[in-house]
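# Topology and contacts: notes
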Amino acid sequence: MNIRKRLRSHPEVHTGALNDILFILVMFFLIVATLANPNIVKVNNPKGKADTKAKQNIVVSIDKNNKIYIGTKEVSEFMLDSAIMQEVNKAKLAIDTPSVVVNADTISYTGGFFKVLASAKKAGAKVVANVKQ
């Protein structure tokens, strides 16, 4: 009787191409995630002649209904000074002089805009107004 061990083949899955595809997908989603800024409330900015590119540490938005937002969180006018002071102090842990970027809608009242500017100056931050070119 001929007793031999049969050569058994082990099924293999070649994952070389799968690794390449997954790497490309991860890179794509990382690049797309850095392009979108979820901390911005959509407003219609006024037009200006020069646009200074400032690092957006703290974004304060004023919409057409004169509601004030820090990031995406709505803040009442009465709590504006303390909220901006809190955000500036939090940003000062990482940066020496944080900047407050103000996005104001074209039909919002200028009083809210100047309140934000005064609060940011009082907190010791650099203030930048965002305009369209």
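Residues numbered from 1 in each chain as written. Predicted model: local features only at pLDDT ≥ 70, side-chain atom pairs only at ≥ 80, totals over all residues. Heavy atoms only, no water.

Next up on the list: the overall build of the protein. Helix and strand content of the protein: three helices and five strands. Across the protein, every contact between residues at least 6 apart in sequence was considered, and the portion connecting residues at least 24 apart equals 72%. For the protein, the accessible area works out to roughly 10300 Å², and carbon and sulfur atoms hold 59% of it. (Helix = DSSP H or I, 4+ residues; strand = E, 2+ residues; numbered from the N terminus. Contact = heavy atoms within 4.5 Å. Areas by Shrake-Rupley, 256 points an atom, 1.4 Å probe, with all protein chains shown as cover.)

Below, the discussion takes up the packing of aromatic side chains. Given two aromatic rings, their pairing is described by the distance between the two centres and the angle made by the two planes. Scanning the model with the defined rule gives two aromatic pairs in all. Between the aromatic rings of phenylalanine 28 and phenylalanine 29, the centroid separation amounts to 5.3 Å while the plane-to-plane angle is 65 degrees, which identifies the pairing as edge-to-face. Assessed through its relative accessible area of 52%, phenylalanine 29 is described here as exposed. For the ring pair phenylalanine 113 and phenylalanine 114, a centre distance of 5.7 Å and an interplane angle of 75 degrees mean the geometry is edge-to-face. (Phe/Tyr/Trp six-rings, centres within 6.5 Å; stacked < 30°, edge-to-face > 60°. Buried < 20%, exposed > 50% of the residue type's maximum accessible area, 1.4 Å probe, protein only.)

We now examine the pattern of salt bridges. Under the definition given, this model contains three salt bridges. Note that glutamate 77 is salt-bridged to lysine 115, the shortest N-O span being 2.4 Å. You can see glutamate 77 sitting in the loop between strand 3 (73-75) and helix 2 (80-92) and its partner lysine 115 sitting in helix 3 (residues 110-123), a full 38 residues away along the chain. Take lysine 115: its relative accessible area is 41%, and that puts it in the partly exposed class. Ionic pairing is found between lysine 122 and aspartate 81, a salt bridge with its closest N-O pair at 3.5 Å. (Salt bridge = Lys/Arg side-chain N within 4 Å of Asp/Glu carboxyl O.)

This paragraph deals with helix 3. For helix 3, which comprises 14 residues, the first-to-last C-alpha distance of 20 Å matches the rise-based estimate of 20 Å (1.5 Å per residue) to within 8%. Buried within helix 3 we find Gly112, Phe113, Val116, Ser119, Ala120 and Ala123. The buried residues of helix 3 occupy an angular sector of 130 degrees when projected down its axis, which confines them to one face. What points out from helix 3, more than 90 degrees from its buried face, is the exposed set Thr110, Phe114, Lys121 and Lys122. Packing partners of the buried residues in helix 3 comprise strand 1 (58-62), strand 2 (68-70), helix 2, strand 4 (99-104) and strand 5 (126-129). (Expected span 1.5 Å × (residues − 1). Arc of directions from axis to C-beta.)

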